[in-house]
Amino acid sequence: MEATAISLTRGQLWETVNVAKMGPVFQNWARKGYGMDWPGFDPELIPQQVGGGTSHHVGGGFWAGALRASTQDSVWGVADWAMFATSVGLSTTDSPYLLLRHGLRWPNGENHWLRTDPGEGEEVVDTAWEFNPQYRFPYRPPRFLPVRVKRTVRCWSGSAKDEKYIIIDYVITNIAREPHIFDPGVASPEVYRILAQDSTLQDLYLLFTYAFAINARGWTMLFPQLPPGALNNRFLYDARQRMVYGWADDYTQAAGNEKFDPYLYGRGGPRSGKEWLAPAFAGIKFLYVSPDKRGQANTINQVGWSVSDPAHAFPFTGLETNEQWYNAMRDLRNAYQAILFPQGLADERWGKARMWTMVSLGPWDLRPGDSLRVVMAEVIGSVRSEIAFAANVTEQDIAMGSLADLNATAQRAQFNFDHHYNVPDPPAAPDRIELSRLTGARVGNVIRWDDAGQYLPDSDYSGAEAYDLAGYRIYRSDYLPIGPWQQIAEVAARDPSLFDPVAHIYTFVDTGVVVGFGYYYAVSAFDTGHDHWPPDPAAVFPETNSNRVPSLESSYYPNHTVSPFVATFSPVNTTLDQILVVPNPFVMRSGFITPGAQDVISFMNIPSPCTIRIYTIRGDLVARIEHTEDTGIAQWDQVTDFGQFAESGFYIYHITSHAPATRGATRIGKFCIVR
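We now turn to the structure provided with this report. Bear in mind the structure is a predicted one, so any value in this text is a computation, not a measurement.

**Regarding the overall build of the chain**
Part 1 of the argument: Scanning the chain from terminus to terminus reveals 5 helices and 36 strands.
Part 2 of the argument: When burial is assessed residue by residue, the chain has 59% of its 675 residues classed as buried.
Part 3 of the argument: Across the chain, contacts joining residues at least 24 apart in sequence account for 69% of those joining residues at least 6 apart.
Part 4 of the argument: Accessible area of the chain: about 26700 Å², with a carbon and sulfur share of 51%.

Rendered as structure tokens:
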């Protein structure tokens, strides 16, 4: 076991599961890792500046605090498992709380497509930590909580309908009287003295705090001159759903309307020239909360927000003692620059300040051996990428579509929890796809995948009905690995024109491509739907308003490609007479496009392998390209070997063939760049 963060990056919702908190460690609102990234991607995969990753929060989790019964108004302690969470570790001398367990239940993806345990998430992270009685507190009196926290994080990263939420299940147990804790031979003297006086955690409160930044990418693109941490976030609380959610609203300190962060590209960018950078709603929903000391389950004590001004401020800023922190957890009015729901919805600080979201739960009286449980979900709702990238979509379209998706996703998460982590599942998509090119004079990108997924049964059914794969859908993006996606084909299961039953391989050729342009691909699987759902015949699905299960589709993220695949043709190895430079002259934005990169100049009908040398008109060598791919095209991004953009002017190219049929032959020509 290692005390290191675990990254969930298989589906579209990426998250960091830290040792004792969710998301990266908070660092003044800067994005330092995945935090509800939707859609997830690593920014370094994209050559164009797109504002970084699509993180929606930069740290979240809960704080816990309780009173001691023997000393009036004295607090056991307040533990931070939300912001820095540095109290949990592996050292018996340096860690107030010991990490007992932290790791993926199936580290090698054994439960992808639910092939090992259909009654669980496809990815599960089990973590547990407990109070360390041997810790010798460097301050007096010691402050601690004699608890064990068990956290289980579940996600269904292979299902399109379920990949937009992550369920986090917390169980907190009072271990004050467990033999390995309440032992004078183990516990430090001061700890044992306190445990001898008290054992009940009285009036225990939990405060969930999330530093939402919806979303980091949009904020960075629109306001690159301002520090990280979106100032334009707006939040609401839906009491019916027990869900706090937010979105990127207008930044009131700037002219114009930035709601959902619309962005017009001056250069580069998608074909539409426009993108809604922050179309998503993000939130946390409480699926279950143990009955409090009044016996009421699913009770939310308070909801509010703390203004993070200056940027390092957090809900307990200015509060010095554990008692003050505890009072802020119990009554959010005592938190730093608090805005409470619903009284503060018209507060003038909205639209121009960073906000910590706060949700207070409790109180509970937790006696030795008692446990409480809180199950929550991190939820994203958004319109599809092709809508977010469309030129004619309005702000209202984004708002209505994304909010509807958020509510549907939140209800799906609740359904999943209520059915003991079982939901109707789509069939398995291919784990990977292979790309190649047609040979000869024809141009086409070839996509291949195997049929292994169609032999995985749906565990909710038996017999032939369990094998319900109806077919595959092929998607293509000509801009970024996050879209906009276009469905280019639907392939029926075992289509004889595309399926090789001997090799168990499907082959589809995408001929709708343009030579010199790059593309991303993904393949999903979909099923037939079913007349009923045996695990719960009384369940009603919103898509059918009955127990009939609609057709379901897998996520395409488990196999989507993350590098552009350039359409081209075979090398011309028999002659160098057909070589062309396209475009020529090159004028800004006239070249071929590698997604997310500068327009490029292409050398066409070249042999392979070959060497391309580019000289200025004065004979200075500015670039050398060793072309080794088995294609008849090579591209130059106009960046010299010295790291500078080529200036306007005439250039000479010199191509030397290394192909067997024309080995040593050369071709000289010229082209022009106009900026």
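**What about the environment of Asp630?**
Part 1 of the argument: Along the chain, Asp630 falls in the loop between β33 (621-627) and β34 (633-636).
Part 2 of the argument: Discounting residues that sit within four places of it in the chain, Asp630 has contacts with Pro571 and Ser608.

**Thoughts on the side chain of Ser524**
Part 1 of the argument: Residue position: Ser524 is located in strand β26 (residues 518-527).
Part 2 of the argument: Here Glu553 takes part through its side chain, which lies 2.5 Å from a polar atom of the side chain of Ser524.
Part 3 of the argument: With residues up to four places along the chain from it excluded, the contact list for Ser524 reads Ala429, Gly471, Tyr472, Arg473, Tyr475, Glu553, Ser554, Ser555 and Tyr556.

**A word on the pattern of salt bridges**
Part 1 of the argument: Counting across every chain of the model gives 32 salt bridges.
Part 2 of the argument: Here Arg217 ties to Glu275 by a salt bridge, and the two come within 2.8 Å at their closest N and O atoms. Here Arg217, found in helix α2 (residues 216-222), pairs with Glu275, found in strand β14 (residues 274-276); they are 58 residues apart in sequence, far enough to count as distant. Grouping residues by exposure puts Arg217 and Glu275 together as buried.
Part 3 of the argument: Through salt bridges with shared partners, one network takes in Arg105, Glu120, Asp126, Arg154, Asp169 and Arg373.

**A word on the sheet that holds strand β32 (residues 610-616)**
Part 1 of the argument: With mixed pairing, 5 strands are arranged side by side in an open sheet as β29-β36-β35-β32-β33. Of all strands in the sheet, those with a lone pairing partner are β29 (586-587) and β33, marking the two edges.
Part 2 of the argument: For β29 and strand β36 (residues 666-674), the ladder comprises 2 bridges, and the chain directions are parallel. Each residue of the ladder has a partner; that of Phe586, found in β36, is Ile673.

**Side note on the pairing of strand β23 (residues 483-492)**
Part 1 of the argument: Bridge count between strand β22 (residues 469-480) and β23: 8 bridges; the pairing is antiparallel. Bridge pairing in β23 links Ser477 to Trp485.
Part 2 of the argument: The turn joining β22 and β23, which pair antiparallel and follow one another in sequence, is formed by 2 residues.

**Regarding the packing of aromatic side chains**
Part 1 of the argument: Scanning all chains against the criterion turns up 58 aromatic pairs.
Part 2 of the argument: Among the aromatic residues, those joined into a ring-pair cluster are Phe62, Trp76, Trp81, Tyr97, Trp129, Phe131, Tyr135, Phe137, Phe144, Tyr170, Phe208 and Phe286.
Part 3 of the argument: For Arg437, the ring lying beneath its charged end belongs to Phe565, and the centroid distance is 4.2 Å.
Part 4 of the argument: The ring of Phe526 carries Arg473 above its face, with NZ or CZ at 3.9 Å from the centroid.

**Overview of helix α5 (residues 395-418)**
Part 1 of the argument: Between its first and last C-alpha atoms α5 spans 34 Å; for 24 residues at 1.5 Å apiece the expected length is 34 Å, and the two agree.
Part 2 of the argument: The first or second residue beyond α5 is His420, which carries a positive phi of 55°.

**Considerations on helix α1 (residues 189-197)**
Part 1 of the argument: If you check which residues of α1 are buried, you get Val191, Ile194 and Leu195. Taken down its axis, α1 places every buried residue within 100° of arc, on the same side.
Part 2 of the argument: Turning to α1, the residues buried within the fold contact β4 (75-81) and β7 (123-131).

**Thoughts on the sheet that holds strand β12 (residues 243-248)**
Part 1 of the argument: Judged by pairing direction, the sheet is mixed, and its 9 strands sit side by side in the order β5-β6-β7-β8-β9-β19-β15-β12-β11 without closing on themselves. The open sheet terminates on both sides in strands that have one partner only, identified here as β5 (88-89) and β11 (233-238).
Part 2 of the argument: Relative to strand β6 (residues 97-104), β5 runs parallel, the two being bridged by 2 bridges. Considered in β6, the bridge of Val88 is made with Tyr97.
Part 3 of the argument: Packing against the sheet, α5 makes contact with β9 (165-174), β11, β12, β15 (281-289) and β19 (371-381), and its axis sits at approximately 150° to β19.

**Observations concerning unusual backbone geometry**
Part 1 of the argument: Look at the link from Gly483 to Pro484: it is a cis peptide, with omega at 5°.
Part 2 of the argument: Considering the arrangement of structural elements, one finds Pro484 in strand β23.
Part 3 of the argument: In this model, Asn584 is joined to Pro585 through a cis peptide bond whose omega is 10°.
Part 4 of the argument: Non-glycine residue Asn28 carries a positive phi angle of around 50°.
Part 5 of the argument: Tracing the backbone shows Asn28 in the loop between β2 (15-17) and β3 (57-67).
Part 6 of the argument: For Gln638, which is not glycine, the phi torsion reads 70° and is therefore positive.
Part 7 of the argument: Taking the relative accessible area as the measure of exposure, Gln638 reaches 2% and is therefore buried.

**Digging into the environment of Ala466**
Part 1 of the argument: Within the secondary structure, Ala466 sits in the loop between β21 (445-450) and β22.
Part 2 of the argument: Placed 31 residues apart in sequence, Ala466 and Leu435 show a C-alpha to C-alpha distance of 30 Å.
Part 3 of the argument: If sequence neighbours within four positions are ignored, Ala466 has contacts with Leu456, Pro457, Asp458 and Tyr461.

**A look at the pairing of β3**
Part 1 of the argument: The buried fraction of β3 is high, at 11 of 11 residues.
Part 2 of the argument: Of the pairings in the sheet, the one linking β3 to strand β10 (residues 201-212) comprises 8 bridges and is antiparallel in character. The residue of β10 that forms the bridge with Ala64 is Leu206.
Part 3 of the argument: Two elements, β3 and β4, share 6 bridges in a ladder whose sense is antiparallel. Paired with Ala66 across the strands is Gly77, a residue of β4.

**Thoughts on the nonpolar core**
Part 1 of the argument: Counting 72 residues, the largest nonpolar core has Trp81, Leu206, Phe208, Phe286 and Leu361 as the members making the most contacts within it.
Part 2 of the argument: The biggest single contributor to this core is β10, with 6 residues.
Part 3 of the argument: Excluding its chain neighbours within four sequence positions, the residues that come into contact with Trp81 are Ala20, Lys21, Gly60, Gly61, Phe62, Ala64, Ser87, Val88, Tyr97, Trp129, Val147 and Val149.

Conventions used here
- Residues numbered from 1 in each chain as written.
- Predicted model: local features only at pLDDT ≥ 70, side-chain atom pairs only at ≥ 80, totals over all residues.
- Heavy atoms only, no water.
- Helix = DSSP H or I, 4+ residues; strand = E, 2+ residues; numbered from the N terminus.
- Buried < 20%, exposed > 50% of the residue type's maximum accessible area, 1.4 Å probe, protein only.
- Contact = heavy atoms within 4.5 Å.
- Areas by Shrake-Rupley, 256 points an atom, 1.4 Å probe, with all protein chains shown as cover.
- Polar contact = N/O pair within 3.5 Å; in protein donor to acceptor, adjacent residues only side chain to side chain.
- Salt bridge = Lys/Arg side-chain N within 4 Å of Asp/Glu carboxyl O.
- Pairing = 2+ DSSP bridges.
- Phe/Tyr/Trp six-rings, centres within 6.5 Å; stacked < 30°, edge-to-face > 60°.
- Lys NZ or Arg CZ within 6 Å of the ring centre and 35° of its normal.
- Expected span 1.5 Å × (residues − 1).
- Arc of directions from axis to C-beta.
- Axes fitted to C-alpha atoms, helices over the stretch in contact; angles between N-to-C directions.
- Core = buried A, V, L, I, M, F, W, Y, C linked by side-chain atoms within 4.5 Å.

Shape is all these values report; function is a separate question.
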